[in-house]
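# Chains, contacts and geometry: an overview
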Amino acid sequence: MWQTVVGGGRWGLALVCLSYLAIVFVTSRGLIAAPRYRQLQGRIGDVRADASVFAATASDDPARTAAIATVTARLDDLEHTSMVVWRLLPTSWVIAIPLSKLAAAWRVLHSAERRLLHLQPPEESAARLRSLRLRLAASGLPGDAELATELAAQSATSPEAVALLSATTEYLHDREDSEAEREYEQQRTALWLATTGLGAVLLIGVTLGHQPTMMLGALGGFLSPLIGVMRSQRPTSWGVLVLAPVGGALAAVGGLLLVRMLADPELNLLGNVFLENSWNAPAQPIALAIALLFGFSGTLFSRLALTASGQLASTV
């Protein structure tokens, strides 16, 4: 693979970029969205089961029958139309779940769940009230403790309790949906940056060369979140994992160019060693090690860029 990238020139680099673009696509549509979609499918089954139970006791009430029919129709839309795309292509094994459609599907499901709140018997309303009160009491967010106290003061059979239960559920659903949508937006932003960065990597590789430099920078960008996860023993953002190798490749090329500028005899800030082992000699071991370090540490690139900016400002 290394010989293909280094010796193959632009075609080897294009192959690497296309392969990583496929990884970005699978990460976006499968690894990020698939677990949330499986939760959606499970919740749809639960809501459909509740609607079936309520329908058995609503044969003599046209309003209840119409409400249950509306909920069932919305669940059918979620499962059998294109509101959420779920396909596993047998030839390419690519999972495709758009994050925007997934967020919209969760809002539809939450709306269907709230419709059923007005149809449940008093004992289920009491159980749901207690569950919400315990959940809000354990939360540390502002206002949740006061809302839990208000729920505790209500009787499960009163109309005010049902209204408060519906309002509280809508509040929690909206908060959950808003948090998920913000997370999806961050992931889409990181994935867009990764896709655009791959185009920049390909353009720089075709025009300037430096394929080994970018490969070592991408390796450093991959190692940085990997070591962070291993040391902290906690997961990191999918967007960071996808974007880090692309940013590392670009930082390695830009870092070598900055090193060459600061090591120029007219500035002479870094010395002759870096002058001979940077932009003009990217295949030297020292230059490759510098590329690896720039890909690994974004802070190193930022500090060097600030140093170069200060030097230019003082020169001007």
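Remember, predicted model here, so these are calculated numbers, not experimental data.

Cut-off values and rules
Residues numbered from 1 in each chain as written. Predicted model: local features only at pLDDT ≥ 70, side-chain atom pairs only at ≥ 80, totals over all residues. Heavy atoms only, no water. Helix = DSSP H or I, 4+ residues; strand = E, 2+ residues; numbered from the N terminus. Areas by Shrake-Rupley, 256 points an atom, 1.4 Å probe, with all protein chains shown as cover. Axes fitted to C-alpha atoms, helices over the stretch in contact; angles between N-to-C directions. Parallel < 35°, antiparallel > 145°, perpendicular 65-115°, else oblique. Left-handed = near helix turned anticlockwise from the far one by under 90°. Contact = heavy atoms within 4.5 Å. Core = buried A, V, L, I, M, F, W, Y, C linked by side-chain atoms within 4.5 Å. Buried < 20%, exposed > 50% of the residue type's maximum accessible area, 1.4 Å probe, protein only. Expected span 1.5 Å × (residues − 1). Arc of directions from axis to C-beta. Patch = residues over 30% accessible without salt bridge, like charges linked within 9 Å, V, L, I, M, F, W, Y side chains within 5 Å. Salt bridge = Lys/Arg side-chain N within 4 Å of Asp/Glu carboxyl O. Lys, Arg positive; Asp, Glu negative; His and termini not counted. Charge placed at Lys NZ, Arg CZ, Asp CG, Glu CD.

### Remarks on the overall build of the protein chain
Scanning the protein chain from N- to C-terminus turns up 12 helices and two strands. Going residue by residue from the N terminus, the α and β elements of the protein chain occur as α-α-α-β-β-α-α-α-α-α-α-α-α-α. Total accessible area on the protein chain stands at roughly 17,300 Å², and carbon and sulfur atoms take up 62% of it.

### Looking at the environment of A163
Inspection of the secondary structure puts A163 in helix 7 (residues 159-208). Separated by 46 residues in sequence, A163 and L117 have C-alpha atoms that sit 9.4 Å apart.

### Focus: the packing of helix 6 (residues 144-152) against helix 7
Here helix 6 crosses helix 7 at 155°, and the two axes come no closer than 11 Å. Judged on the interaxial angle alone, helix 7 and helix 6 are roughly antiparallel. Relative to helix 7, helix 6 is oriented so that their crossing is left-handed. Residues D144, L147, E150 and L151 of helix 6 form the contact with helix 7, whose own contacting residues are L164, T168, Y171 and R175.

### Here's the deal with the nonpolar core
Among the nonpolar cores identified, the biggest contains 48 residues, and L40, L75, L78, L102, L109, L116 and V201 are the most heavily contacted of them. With 12 residues, helix 2 (residues 10-56) is the largest single contributor of residues to this core. Here L75 is in contact with I44, V47, R48 and L109, once residues within four sequence places are set aside.

### Section: helix 3 (residues 62-80)
Taking 1.5 Å of rise per residue, the 19 residues of helix 3 would be expected to cover 27 Å, and the 26 Å separating its terminal C-alpha atoms lies within 8% of that figure. Along helix 3, the residues that are buried comprise R64, I68, V71, L75 and L78. Projected onto a plane normal to the axis of helix 3, the buried residues spread over an arc of 75° and lie on a single side. Residues of helix 3 that are exposed and point more than 90 degrees away from the buried face comprise P62, A63 and H80.

### Things to note about the environment of N277
If you trace the backbone, N277 turns up in the loop between helix 10 (272-276) and helix 11 (285-296). A relative accessible area of 11% places N277 in the buried class. Sequence spacing of N277 and L288 is 11 residues, and the spatial spacing of their C-alpha atoms is 8.7 Å. The contacts of N277, once residues within four sequence positions are left out, are Q284, I286, A287 and I290.

### Structural notes on a negative patch on the surface
On the surface, D46, D50, E123 and E124 cluster together into a patch of negative charge. Mapped by element, the contributors of at least two residues to the negative patch are helix 2 and helix 5 (122-138). As for its position among the elements, E123 is in helix 5. With relative accessibility at 54%, the residue E123 sits in the exposed group.

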